[in-house]
Amino acid sequence: MKYLPVLLFFFFVPFLKAQNIKLSKEIKVSGDLGWDYLSVDEEAQRLFVSHGNVVNVIDLKTEKVIATISDTKGVHGIAIANDLNKAFISDGADNAVTVINLTTFELIEKVSIPGVKPDAILYDKFSDKVFVFNAKSNDATVLDVLTNKVIKTIPLEGKPEFSATNGKGLVYVNIEDKSN
């Protein structure tokens, strides 16, 4: 079994100078296979770490793993929706999204999606939608957060990788293979 040191950085970035970055803490997380996204549940002070086919949940106050969410084959991203008490996890090898309860970490539903190899995932509270960015089909699947149902698929002009929202209805996505 391998360990991934999860490194937490606190830094001051006046002009993005690397010399101002300092390691503040290291938390060891056991596991193997590929490692991908980290997501922080700021409200509950928990860190979600995706790797292989599982997501480890770490209590940031105790720095201990408090849950392991399994059956997330080819896991990539985790989108936290505190207001709904849900997390949405992209399962790249299953072409699915795992929806879990943020309190119990139990499965609510596994949603099959039409997109191929879901990767980045984003909860946009403004629109009450989850956007799942699919690396192989070059599109985004949109889920209704209340019903966990697929609403639509949005074609993209390349391979999506990472996304962000401005919280006012705009969603941005990095198109990796086009550098857009």
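Residues numbered from 1 in each chain as written. Predicted model: local features only at pLDDT ≥ 70, side-chain atom pairs only at ≥ 80, totals over all residues. Heavy atoms only, no water.

**Student:** Pulling in residues and values, what's your account of the overall build of the protein?
**Tutor:** Within the protein, the secondary structure is distributed over zero helices and 16 strands. A buried classification covers 39% of the 180 residues belonging to the protein. Contacts spanning at least 24 positions in sequence make up 31% of the contacts within the protein whose residues lie at least 6 apart. Entry remark: accessible area of the protein is about 9900 Å², with carbon and sulfur atoms responsible for 54%. (Helix = DSSP H or I, 4+ residues; strand = E, 2+ residues; numbered from the N terminus. Buried < 20%, exposed > 50% of the residue type's maximum accessible area, 1.4 Å probe, protein only. Contact = heavy atoms within 4.5 Å. Areas by Shrake-Rupley, 256 points an atom, 1.4 Å probe, with all protein chains shown as cover.)

**Student:** Account for the sheet that holds strand 4 (residues 46-51), naming residues and giving values.
**Tutor:** The four strands lie next to each other as 3-4-5-6, forming an open sheet whose pairing is antiparallel. Every interior strand has two partners, whereas the edge strands, strand 3 (35-41) and strand 6 (64-69), have only one. Each adjacent strand pair in this sheet contributes to an overall mean axis angle of 20°, direction not counted. By the bridge criterion, six bridges tie strand 4 to strand 5 (residues 54-59) in an arrangement that is antiparallel. Its bridge partner lying in strand 5, Arg-46 is registered against Asp-59. (Pairing = 2+ DSSP bridges. Axes fitted to C-alpha atoms, helices over the stretch in contact; angles between N-to-C directions.)

**Student:** Outline the side chain of Glu-161, listing residues and values.
**Tutor:** Take Glu-161: it is sitting in strand 15 (residues 160-165). The buried charged residue Glu-161 lacks any salt bridge, with Lys-159 as its nearest oppositely charged partner at 4.6 Å. Setting aside anything within four residues of it in sequence, one finds Glu-161 in contact with Tyr-37, Asp-119, Ala-120, Val-173, Asn-174 and Glu-176. (Lys, Arg positive; Asp, Glu negative; His and termini not counted. Salt bridge = Lys/Arg side-chain N within 4 Å of Asp/Glu carboxyl O.)

**Student:** Before we move on, could you go through the sheet that holds strand 7 (residues 75-81) and cite the residues and values that matter?
**Tutor:** An order of 7-8-9-10 is seen for the four strands of this open sheet, with the pairing classed as antiparallel. Each edge of the sheet is formed by a strand with only one pairing partner; in this case those strands are strand 7 and strand 10 (107-112). When the angles between neighbouring strand axes are averaged without regard to direction, this sheet yields 20°.

**Student:** Any details on the environment of Ile-80? Residues and values, ideally.
**Tutor:** Structurally, Ile-80 is set in strand 7. Between the C-alpha atoms of Ile-80 and Asp-124, which are 44 residues apart in sequence, the distance is 9.8 Å. Every residue in contact with Ile-80, bar those within four places of it in the chain, is listed here: Val-40, Asp-41, Phe-48, Lys-86, Ala-87, Leu-102 and Tyr-123.

**Student:** How would you explain unusual backbone geometry if you had to name every residue and give the values?
**Tutor:** Of note in the backbone geometry, Phe-105 takes a positive phi value of approximately 65° without being a glycine. Even without a glycine there, the phi angle at Lys-117 is positive, about 60°. Tracing the backbone shows Lys-117 in the loop between strand 10 and strand 11 (118-124).

**Student:** Would you mind going over the pattern of salt bridges in detail, with residue names and values included?
**Tutor:** Under the definition given, this model contains eight salt bridges. Two residues, Lys-28 and Glu-26, come together in a salt bridge whose shortest N-O distance is 3.7 Å. Lys-28 gets classed as exposed once you look at its relative accessible area, which sits at 58%. Owing to a relative accessible area of 40%, Glu-26 belongs among the partly exposed residues under this scheme. The residue Lys-149 makes a salt bridge to Glu-109 at a minimum N-O spacing of 3.3 Å.

**Student:** Tell me about the pairing of strand 12 (residues 129-134), residues and numbers included.
**Tutor:** Judged by how many residues are buried, strand 12 sits mostly within the fold: five of six residues are covered. The turn linking strand 11 back onto strand 12 is made up of four residues, and Asp-128 within it adopts a positive phi angle of 55°. For strand 12 and strand 13 (residues 139-144), the ladder comprises six bridges, and the chain directions are antiparallel. Looking at strand 13, one finds that Asn-134 is bridged to Asp-139. Connecting strand 12 to the antiparallel partner strand 13 that follows it, the hairpin turn spans four residues, and Asn-138 within it adopts a positive phi of roughly 55°.

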